[in-house]
Number of protein chains: 2
Amino acid sequence: MPRVVAVLRPDGPEVVEPAQPVITVDDLGLTRGDGCFDSGLVTDDGDGHVVRGLDDHLERLTRSAAALEITPPPREAWVSLVDAALAAWDTPGDASLKLVLTRGREWDPDAGPTAWVVVSPRASGRPQRGEGGSDPVRAVTLTRGHPSDAFEDAPWLLGGAKTLSYVVNVAAQREAGRRGAEDVVFTSTDGYALDAPMAGLLVVRDGRWLSTPTGPTGILESLSVATILRAAAEDGQDSAFELVPVEHLYDADGVWLVASSRGPTPVGELDGRPLRVDPDLVARAARYAGF
Amino acid sequence: MPRVVAVLRPDGPEVVEPAQPVITVDDLGLTRGDGCFDSGLVTDDGDGHVVRGLDDHLERLTRSAAALEITPPPREAWVSLVDAALAAWDTPGDASLKLVLTRGREWDPDAGPTAWVVVSPRASGRPQRGEGGSDPVRAVTLTRGHPSDAFEDAPWLLGGAKTLSYVVNVAAQREAGRRGAEDVVFTSTDGYALDAPMAGLLVVRDGRWLSTPTGPTGILESLSVATILRAAAEDGQDSAFELVPVEHLYDADGVWLVASSRGPTPVGELDGRPLRVDPDLVARAARYAGF
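Residues numbered from 1 in each chain as written. Chains lettered and ligands numbered in written order. Predicted model: local features only at pLDDT ≥ 70, side-chain atom pairs only at ≥ 80, totals over all residues. Heavy atoms only, no water.

Q: Could you clarify how one ought to interpret unusual backbone geometry in this entry?
A: What is expected of a backbone is that most residues other than glycine have negative phi and most peptide bonds are trans. Within the chain, A:D206 stands out as a residue other than glycine whose phi angle is a positive 50 degrees. For A:D206, the position within the fold is in the loop between β10 (200-205) and β11 (208-211). (Helix = DSSP H or I, 4+ residues; strand = E, 2+ residues; numbered from the N terminus.)

Printed below as a string of structure tokens:
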């Protein structure tokens, strides 16, 4: 599978072989998960590869870095990294972009943060844009172990920061697999739906377009969810960020997991119970998301 | 500062320069904090460097790996790595050993897990063994955001696993610094003391030697705390793993943060309030810990 890796060196971007070791064992991103990342969609509309909403992704990455008190490279450095990676990317079709930043080397703090970008093909099996949305997935609810206001006044818990400390997210995905499902809806101990390990949550219920608020819940801001709710509002729909009780998922008009690189994916089954998947709503959610 | 890094290659251990990049950008330990580690003390009693309780550390690392469903290299491979690192370590005095294991490369799953060990000098300013214990530190209490039973029946939250996803631990240490303290006692939302970001918690109160139970609390098992409580019991003291309410810390006979590589460190001030530091108790805790 083709991939392009571009690493930020003191004198600018360097495209390296994906299998070339470029990280030392004292990198704090590695030893402490002390870093952040962001992911976006690279579109190919016949006129070369373009990162959709690159500035939004760079701004979110900057917010994640601020929560970690890491000073990120300037915007121009990221743009030069992305440009270098895309210049080396010659696979037709849409792709995924990942931007990664770590605190840098523990044993050489003067070296500053470590930064790189990766361009990869979109996950196989995902529909292309314009195909009317993804096939439904099965999901399970799993507790995140905290109440829905746990991150209020506790900035050290790093709510909302897209950090490299993702081990619980991948463990939850494995638990879903064990339960015969493909994905997870995290829940709070006080009974609300939160988000998914690698996606935001979208719920349509009684005609209202809803998603979990950021802030006290600790969930990551989803740029794609924000895009969808904005488009829904502009289309005359009632839309809001508000806590959705878990039991409201089972009789919703539709539930989606939403990520930049894959668009909105309908949940067709939750905890073994079938959820409504309305083709018109699925197509509309995909359209709102620009998919 | 001298350091030795030994990496596990397919054909055995290789000692590499600490500044040599040996990790690829797709290593899941780096991109997801998806790996685990363990730390121990290397003693130098004039007869060469020896890892104290290496088997206990390897067993705890194996338990962490099992929680992550990572198949670790066999014990002999770890022992050969440690031997290779210690053979290259020629700095007199005690040292720290870190063993690290990640799930390996995302883009080359057949390559298997990534494993390495690091030998470093003990943090400067720590007393040597036999000096009667460390100087007291100032600490603050910070919430961990979850109740004390959050990890019950939720193995995907990876309670008790010493994972590489440590970003909240280091963010909490920074918060302590902002508050004029050197360390943290994490607390549960229901009012109990848990542990410290990089150490276990020991409390002596009304003559009883206490520490937080593992399991539902999600805290890491502390080998040093276990050693101390065992030695206390053998010495005729009442000792137990039981939840300690936060307010019981302020009027305890003594509170310590405990880690293999630094021994028990008394907390002299918590949230700006002075704690009791009884020299006899401090010396006894150090002795129980073998320091």
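Q: Is there a simple way to explain the sheet that holds strand β2 (residues 12-16) of chain B in this structure?
A: Each strand in a sheet pairs with another by means of backbone hydrogen bonds, the pair being arranged parallel or else antiparallel. Residues and elements named next belong to chain B. Pairing is antiparallel in the open sheet, where 6 strands are placed in the order β2-β1-β6-β5-β3-β4. If you trace the sheet from one side to the other, it starts and ends with β2 and β4 (49-51), each paired once. Each strand axis lies, on average, 25 degrees off the axis of its neighbour in the sheet, ignoring direction. The sheet contact formed by strand β3 (residues 35-44) and strand β5 (residues 95-102) spans 8 bridges and is antiparallel. (Pairing = 2+ DSSP bridges. Axes fitted to C-alpha atoms, helices over the stretch in contact; angles between N-to-C directions.)

Q: Sorry, what's going on with the domain arrangement of chain A here?
A: A common measure of how large an interface is: the accessible area buried when the components associate. Residues and elements named next belong to chain A. Entries for chain A in the domain assignment read domain 1 (4-121) and domain 2 (137-288). Each of domain 1 and domain 2 has a C-alpha centre, and these two points are 26 Å apart. Counting residues at the interface gives 21 residues for domain 1, matched by 13 residues for domain 2. For the pair domain 1 and domain 2, the two sides together bury roughly 1,300 Å², of which 63% comes from carbon and sulfur. Inspection of the region where domain 1 meets domain 2 yields 1 salt bridge. Ionic pairing is found between R63 and E221, a salt bridge with its closest N-O pair at 2.6 Å. Where domain 1 touches domain 2, the interface holds 6 residue pairs in polar contact (both at pLDDT 80 or more). Elements with a minimum of two residues in the side of domain 1 that touches domain 2: β3 (35-44), α2 (54-68) and β5 (95-102). (Domains from an automatic or database assignment. Contact = heavy atoms within 4.5 Å. Buried area = accessible area lost by both parts, 1.4 Å probe. Salt bridge = Lys/Arg side-chain N within 4 Å of Asp/Glu carboxyl O. Polar contact = N/O pair within 3.5 Å; in protein donor to acceptor, adjacent residues only side chain to side chain.)

Q: Can you help me understand helix α2 (residues 54-68) of chain B in this one?
A: Along an α-helix, residues three or four apart share an orientation, since each turn contains 3.6 residues. Its 15 residues place the ends of α2(B) 21 Å apart at the C-alpha level, agreeing with the 21 Å of an ideal helix rising 1.5 Å per residue. Downstream of α2(B) by one or two residues, B:E69 has phi in the positive range, about 55 degrees. (Expected span 1.5 Å × (residues − 1).)

Q: Just to check I follow, could you spell out the pairing of strand β8 (residues 183-187) of chain B for this structure?
A: Along a regular strand, successive side chains alternate from one face of the sheet to the other. Residue and element names in this part refer to chain B. Burial analysis of β8 places 5 of its 5 residues in the buried class, which makes it a mostly covered element. Note that strand β7 (residues 137-143) and β8 share 5 bridges and pair parallel. For T143, the partnering residue across the bridge sits in β8 and is T187. Handedness of the crossover joining β7 and β8 through helix α4 (residues 167-178): right-handed. (Buried < 20%, exposed > 50% of the residue type's maximum accessible area, 1.4 Å probe, protein only. Right-handed = clockwise from strand over helix to strand, strands pointing away.)

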